[in-house]
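# Topology and contacts: notes
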Amino acid sequence: MSGEQRGEEDIISQLIGLQQENQELRDIISRYGNVDEQLKRSDRGTAQKAEKLLAAERKRFNDIMEMLPAYLILLTPDYHVPFANRFFRERFGESHGRRC
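Numbers given for residues are sequential positions, taken from 1 along each chain in its written order. Only residues with pLDDT of 70 or above have their local features reported here, since the model is predicted, and side-chain atom pairs are shown and tallied only from 80 upward, although totals for entire chains, interfaces and linings are computed over all residues. Only hydrogens and water are set aside when side-chain values are computed; all heavy atoms of the structure are taken into account.

### Side note on the pattern of salt bridges
Any carboxyl oxygen of Asp or Glu that lies within 4 Å of a side-chain nitrogen of Lys or Arg is treated as forming a salt bridge with it. Enumeration according to the criterion identifies 5 salt bridges in this entry. In this structure, arginine 89 engages glutamate 66 in a salt bridge whose closest nitrogen and oxygen atoms are separated by 2.8 Å. One end of the pair, arginine 89, is in helix α2 (residues 86-92); the other, glutamate 66, is in helix α1 (residues 3-67), with 23 residues separating them in the sequence. Accessibility expressed as a relative area gives 21% for glutamate 66, which makes it partly exposed. The shortest N-O distance in the salt bridge between arginine 89 and glutamate 94 comes to 3.3 Å. Numbering of helices and strands starts at the N terminus; helices are DSSP runs of H or I of at least 4 residues and strands are runs of E of at least 2. Buried residues are those whose accessible area, probed at 1.4 Å on protein chains only, stays under 20% of the maximum for their type, while exposed residues exceed 50% and partly exposed ones sit between those limits.

### Digging into unusual backbone geometry
The phi angle at tyrosine 79 is positive, at roughly 70°, despite the residue not being glycine. Here tyrosine 79 is to be found in the loop between β1 (73-74) and β2 (83-84). The phi torsion at histidine 96 lies on the positive side, around 50°, for a residue other than glycine. Tracing the chain through its elements places histidine 96 in the segment after α2.

### Details of the confidence of the model for the chain
In this model, the chain carries an average pLDDT of 82, and 87% of its residues clear a pLDDT of 70 or more. Scored from 0 to 100, pLDDT reflects the predictor's confidence in each residue. No element of the chain has a lower mean pLDDT than α1, which averages 78, and none a higher one than α2, which averages 93.

### Remarks on the environment of leucine 72
Examined against the element boundaries, leucine 72 turns out to sit in the loop between α1 and β1. Separated by 13 residues in sequence, leucine 72 and asparagine 85 place their C-alpha atoms 5.5 Å apart. Contact between two residues is taken to exist if any of their heavy atoms lie within 4.5 Å; hydrogens are not considered. Excluding anything up to four places from it in sequence, leucine 72 contacts Met65, Phe83, Ala84, Asn85 and Phe88.

### Brief notes about the environment of arginine 86
Note on placement: arginine 86 falls in helix α2. Arginine 86 gets classed as partly exposed once you look at its relative accessible area, which sits at 35%. For the pair arginine 86 and tyrosine 71, spaced 15 residues apart in sequence, the C-alpha separation works out to 8.2 Å. Other than its neighbours up to four places away in sequence, arginine 86 contacts Glu66 and Met67.

### Some remarks on the packing of aromatic side chains
The relative placement of two aromatic rings is captured by the distance of their centres and the angle of their planes. The rule is short: rings of Phe, Tyr and Trp, with Trp giving its six-membered ring, pair when the centres are within 6.5 Å, and they are stacked under 30 degrees, edge-to-face over 60, tilted in between. Under the definition given, this model contains 4 aromatic pairs. On the basis of an interplanar angle of 45° and a centroid distance of 5.1 Å, the ring pair of tyrosine 71 and phenylalanine 87 is categorised as tilted. Linking tyrosine 71 in the loop between α1 and β1 with phenylalanine 87 in helix α2, this pair joins segments that are 16 residues apart in sequence. Taking the centre distance of 5.4 Å and the plane angle of 55° together, the rings of tyrosine 71 and phenylalanine 92 count as tilted. Taken together, the residues tyrosine 71 in the loop between α1 and β1 and phenylalanine 92 in helix α2 connect sequence positions 21 residues apart. By relative accessible area, which is 44% here, tyrosine 71 ends up partly exposed.

Put into structure tokens, the structure is as follows:
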């Protein structure tokens, strides 16, 4: 066998090896692509569940604040009232954007 033939065989052997490695990489990318897609779907579902739980907890918190038999008011630094509970509103009325 001549040196030229051995060189061609080496090139063909390397080419076959590269094709096999290329296919292995495609398989890995395909598997990770599927995993990535599943994670994205899972993350969306988890985020939606978290939003629902947060909304339920916020409603529960607001309900408790409304039912307290004490004056509860939230004042901004410039004395506007973004929140006042029912007990406060029944005694002093709505703020309607006025300062306290």
